[in-house]
Amino acid sequence: MCGIVGYVGGRKATPILLEGLHRLEYRGYDSAGIAVPHRSRLKVTKAAVRVGELRDLVGDGLPATSGIAHTRWATHGEPTDVNAHPQQDTSKRIAVVHNGILENADELRARLTADGVTFASDTDTEAIAHLVAAALDGAETLEQAVRTALQDVEGAYGIVVMDATRPGELVVARNGSPIVLGVGDGEMFVASDVAALVRYTQSVVYLDDGELATLTADDYRTSTLQARSTAKSPTTVDVDDTDFQLDGYDNFMHKEMHEQPDAIRRALLGRLDERFATARLGGINLDARALRAVRSVKFLGCGSAYYAGQIGANLVEELARLPADAEPASEFRYRNPVIDGDTLYVAVSQSGETADTLAAVRELQRKGGQVIGVVNVVGSAIARECGHGVLLHSGPEVSVASTKAVTSMSFSFALLALLLGRVRDLSVANGTRIVQGLATLPDLISDVLATEDEIAKVADRFRDARGMFFIGRVRCWPAAREGAQKLKEISYVHAEAYQASELKHGPLALIDETMPSVVLVPDDELLAKNIGTIEQIKARGGPVIAVTNAELPHGLVDAEIRVPHATRELDPILLTIPLQLFAYHLALRLGRDIDKPRNLAKSVTVE
Ligand code: F6R
């Protein structure tokens, strides 16, 4: 998704803005641009290029000490030089960078065109520049003009506006697209993601929807769109610049997969109660009585967060014996769902900014549903709007393909299921078994990571496959879905996940010697059934890669990826790890851009 950076202070702005854009590259983009004041005008450089090339175009930069910059992920209008941001009004006095999508863009364009404005680009953003420029007439401040302009704007935006005649000031506004201010000493920053700021400051202010801010080198002032002051103090972010560096790894996905044991240990800290064989989730404002009153649980998330939610639903059903399910938040928000007051809704998101999940939270809250957030990014919209929930503590996740955050999600759901179970019928003995299983999971994940070379060899053997099946049964079915998701998103090899028992109802027709199946075979009560599935595939000539901690009959499968024994309810969490490594090494062998897969963005803040 698009990225925003802005700076006003005493230092040369261009290097800070370009470095900020570089830190946001991981979010995915197709063009980039920058505007800095120069001789009473704004000098705009923008093109459908990577940030490195923009750096070449800008050169050493001008002495300006303020400016705005952007990486664009095309929505309105193709990814061209002219459509790149910043966008300007006709007189070139105003420059705007914008994340989000305006819903009344066509209407605004028609109205402004009728008023004599000629549009230079196909973007919705350009309309904002024209509106602000028009509103400057009669406005005493840029803030006032932006406020007036935004009255005509419908839809999602995070914007930063600059006026050539006020180079020491930036005006920022947020509605549905994240904006964070960075407070420095005699300098102020603004960005769509803390990744662009933490090199310079850890002191941040998150804007809320419907909020606006004016930044000068020494000060910031926040208010609502209706001009009511919202006086906000800065908070400290617990990430720093090293979290966004590769630390010797070739890419962030590799680094983040290897961070999983530590990420889980952090998610575990203080949350296991061995004495009472339960979990402590201090962020959830529900006492034992309220937890007992819950009649069902529903997990809502998108993509991999949704698959983690499916793992969570299975765990809740198994450990707490409560009806539970998961649904893509993107579907839930549009289908006028029946909201049940006794259901605990769990909104799950790494970024905490996914537009569909946020919309589901709002729909739930509007209808009186009880919703908690399970989120990685502190201060994100979903975390703030849910008010209570569980923080994942995975640390920043940069690679588009989610790994450590997804593992922490499933892990946190196991804690939630344990907690819900122990206020119901989960015995002390079984609670203790799960507590011990959770405590040993980080070490088991390290053991799987240590077998990376073996997994890489298997990936190498199957690098020419035109497509693959990922097969799982019951509790491992969501893990199979996550495995297929990882493979398709980073390798572009078609991958489809199926429940083991569903194969014979159709997809078996696709099995032949060119279609490998990755089959999850935990050593559990369904082992014999899974062996039966493998035999069905083998009988049709299909190659089988088993991911297993069971002893399989000799010669049954073509390749085995061994995992250690975990507590059986937690197998799906552990079995996800080799699938990440498998997808990673296959994609590597196919020469893919691991951290920035084509057409994808890290956090999907538009519909
Ligand atoms: C897959 C992936 C996506 C995200 C999804 C939700 O690797 O990264 O499927 O899981 O876009 O994102 P968050 O968790 O930020 O809401």
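Structure's up top.
Report on the accompanying structure. Predicted, not measured: the structure shown is a model, and the values here were computed from it. (Residues numbered from 1 in each chain as written. Predicted model: local features only at pLDDT ≥ 70, side-chain atom pairs only at ≥ 80, totals over all residues. Heavy atoms only, no water.)

Now for the side chain of Arg-72. Mapping Arg-72 onto the fold places it in strand 4 (residues 66-72). Despite its burial, Arg-72 pairs with no opposite charge, the nearest such side chain being Asp-30 at 4.6 Å. A polar atom in the side chain of Arg-72 sits 3.0 Å from the backbone oxygen of Glu-78. Apart from the residues within four sequence positions on either side, Arg-72 is in contact with Cys-2, Tyr-29, Asp-30, Ser-31, Gly-77, Glu-78, Pro-79, Thr-80, Asn-83, Ala-84, His-85 and Thr-123. (Helix = DSSP H or I, 4+ residues; strand = E, 2+ residues; numbered from the N terminus. Buried < 20%, exposed > 50% of the residue type's maximum accessible area, 1.4 Å probe, protein only. Lys, Arg positive; Asp, Glu negative; His and termini not counted. Salt bridge = Lys/Arg side-chain N within 4 Å of Asp/Glu carboxyl O. Polar contact = N/O pair within 3.5 Å; in protein donor to acceptor, adjacent residues only side chain to side chain. Contact = heavy atoms within 4.5 Å.)

Now for the sheet that holds strand 26 (residues 559-562). Strands sit in the order 23-22-24-25-26 across an open sheet of 5 strands; the sheet is parallel. Two strands bound the open sheet, and with one partner strand each, they are strand 23 (494-499) and strand 26. The average undirected angle you get between the axes of adjacent strands in this sheet is 20 degrees. Where strand 22 (residues 467-472) lies against strand 23, 6 bridges are found, and the strand directions are parallel. Bridge pairing in strand 23 places Phe-470 opposite Ala-497. The sheet strands contacting helix 17 (residues 527-539) are strand 22, strand 24 (517-521) and strand 25 (544-548), and the helix crosses strand 24 at an angle near 165 degrees. Here helix 18 (residues 571-589) sits on the sheet in contact with strand 22, strand 24, strand 25 and strand 26, set at roughly 160 degrees to strand 24. (Pairing = 2+ DSSP bridges. Axes fitted to C-alpha atoms, helices over the stretch in contact; angles between N-to-C directions.)

The tally for this structure, following the rule as stated, stands at 6 aromatic pairs. A ring pair is formed by Phe-469 and Tyr-498, whose centres lie 5.8 Å apart and whose planes are at 80 degrees; its orientation type is edge-to-face. Remark: Tyr-498 occurs in strand 23 and Phe-469 occurs in strand 22; sequence separation between them is 29 residues. When its relative accessible area of 1% is taken as the criterion, Phe-469 is described as buried. Given a relative accessible area of 22%, Tyr-498 falls into the partly exposed group. The structure contains a cluster of three or more aromatic residues connected by ring pairs, namely Tyr-7, Phe-189 and Tyr-200. The ring of Phe-119 carries Arg-109 above its face, with NZ or CZ at 4.1 Å from the centroid. Looking at Arg-598, its charged tip hangs above the ring of Tyr-492, at a distance of 3.9 Å from the centre. (Phe/Tyr/Trp six-rings, centres within 6.5 Å; stacked < 30°, edge-to-face > 60°. Lys NZ or Arg CZ within 6 Å of the ring centre and 35° of its normal.)

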